[in-house]
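The primary structure of each chain is shown beneath.
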Amino acid sequence: MKMRRWKPVVFYVSLALVLLVSFFGKKLIGDNHYEITLAAVLLFFSILNWILETVSIAVTSLTLVALVPLSGIMSFSDAIAGSFGNSIFAFFLGVLLLSFAFKHTNLGRLISDIIFKIFGRQPKRVVLGIMLTGALLAMWVTEVAAAAIVFPIALSIWDKAKERDDYAAIGKAVMLGVAWGCAFGGVATPIATGANLIAVNYLETYCGIKITFGHWMMIGIPICFSLILAGWWILTLPLKSTVELGTDSEAIEFGRKERKLSVIFAVAILGWIFGDKIGLGSHQVAIISAIALFLPGIEVIDWKTGITNISWNSIFLISAGVLIGDVLYSSGLAEKMANIFFVPSLLENGILIRDIYIVISVSILKILFSSNTVSGVVLVPIMLSVAAANSLSPWGLVAPCIFSSALSLIVVSSSPVNVIPYSSKAFSPKDMALYGIVMTIMTALIIGGWLTVFGVN
């Protein structure tokens, strides 16, 4: 209740600060430092209100779009074009509609059931099955949607262990497996998280570097499955019993909608991987696939249901995130922040040392930023500035940054992917932190190792 009363105060005070600097900043601090100061205030306003949710995330994002033109950094039309006019808007809208179609039909549960049949019902194998299911889904339908699909299945499986002595241990491993599996899947493709999309967009916009779907997957998939194996080993260490869990006799129907969605989904995957060869970009594939869900004779979901059930907060956050990143980069603030957060000498000591240093740094900073997308918004422009200032490869610095920013392993509130399984009460924030710290160290070694193997420098 107290926090609820303070939220309007925080919002209006932070808004007043932006307006004060916008209208009187040049007189108070001079022309030389005006743009950087205002960019810092805009960043502070955005992160503070996104994290505390003083108002809806969408409202904060729209307010940001309205405030940026006051800075003089860009016009209002440029701010609109740089946020909602960016092709990333249509891309993420299409992905979220596909994600909702998975939740609205049985296709996600059918995929999960197949994996469980492959791996069996022994506790350790169940955890592996859940992690793989979450990862495979998160590669294509966003990690949050994957967690929403896998969670009820994991919950029903855990329920079968009520009479067992290792009930609590199984629950902890299974539910952390939901969070970790979906998070690990988030590094495998560029569409799995908003941060990935932002990174690809920034690299192409500011550096002229185009990271194709296939190029990302060539690196992302080995990292993803290495993380799964390491995470599975960590989570299942306490599980000693090999006695199988009970099975669920409920049949899952592969009906008309599931068949149609599976075709659309398969075509979308092919389009994302090979579309550039026929002139189709990933953004076009996403929106075309989403449109197909509503076409006459197909109608996997109806328009009203789909458009009202997707997360518009996420879409507005993505769009505003691209805009604030532009402000950070063009104002020079990203370069200033880079000098504070990253020591250039540690970035020049070989690929492995550099990548481990970046992954550990990003993992710590993510505790502050509290959101995968916000982390991408803030950290990717910083890495681009570090690269420019030190004549380093932009992709070489962005790759370890963005692969690790998709992973929220320590703090429950850092990602909805954690919050969904946490709602089962199978693990505590302390459990997640303890397991997460160990996994973060493993993550640094795995990401650094694979980027070294692929020569991403």
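As named in an unreviewed UniProt entry, the protein chain is Sodium-dependent dicarboxylate transporter SdcS, taken from [Clostridium] clostridioforme 90A6. Turning to the protein chain, the UniProt annotation filed under Sequence similarities (unreviewed entry) states: "Belongs to the SLC13A/DASS transporter (TC 2.A.47) family. NADC subfamily." The Subcellular location (unreviewed entry) field of the UniProt record for the protein chain holds the comment "Membrane".

Taking 1.5 Å as the rise per residue, helix α5 (residues 87–104) with 18 residues should run 26 Å; its terminal C-alpha atoms sit 26 Å apart, in good agreement. The buried fraction of α5 amounts to 14 of the 18 residues, a majority that puts the element mostly inside the structure.

Turning our eyes to something else, we now look at unusual backbone geometry. One non-glycine residue, E299, lies in positive phi territory at about 40°. Counting through the fold element by element, E299 comes out in the loop between α13 (282–292) and α14 (303–309). Backbone geometry at K425 places phi at a positive 65°, although glycine is not the residue there. With respect to the helices and strands, K425 occurs in the loop between α20 (416–422) and α21 (429–453).

Bringing the packing of aromatic side chains into the picture now. Taken as a whole and assessed by the stated rule, the structure comprises 15 aromatic pairs. Taking 5.9 Å as the distance between ring centres and 10° as the angle between the ring planes, the aromatic pair formed by W140 and F213 counts as stacked. One end of the pair, W140, is in helix α7 (residues 123–141); the other, F213, is in helix α11 (residues 213–236), with 73 residues separating them in the sequence. With a relative accessible area of 10%, W140 lands in the buried category. Grouped by ring-pair contacts, the aromatic residues F84, F89, W312 and F316 constitute a single cluster.

So, how was this worked out
- Residue positions are counted from 1 within each chain, in the order its sequence is given.
- Where totals are concerned, whole chains, interfaces and linings use all residues; where local detail is concerned, this predicted model gives features only for residues with pLDDT of at least 70, and gives and counts side-chain atom pairs only at 80 or more.
- Remark: hydrogens and water are excluded; side-chain values derive from all non-hydrogen atoms of the structure.
- UniProt positions are given in the numbering used here, feature names are shortened, and annotations may be inferred rather than shown by experiment.
- Starting at the N terminus, helices and strands are each numbered in turn, a helix being any DSSP run of H or I of at least four residues and a strand any DSSP run of E of at least two.
- The span expected for a helix works out to 1.5 Å for each residue beyond the first.
- Note on classification: 1.4 Å probe, protein chains only; a residue is buried when its accessible area is under 20% of the maximum for its type, exposed when over 50%, partly exposed between these limits.
- The criterion for an aromatic pair is that two Phe, Tyr or Trp rings (for Trp, the six-membered ring) have centres within 6.5 Å, with stacked assigned to planes under 30 degrees apart, edge-to-face to planes over 60 apart and tilted to the rest.

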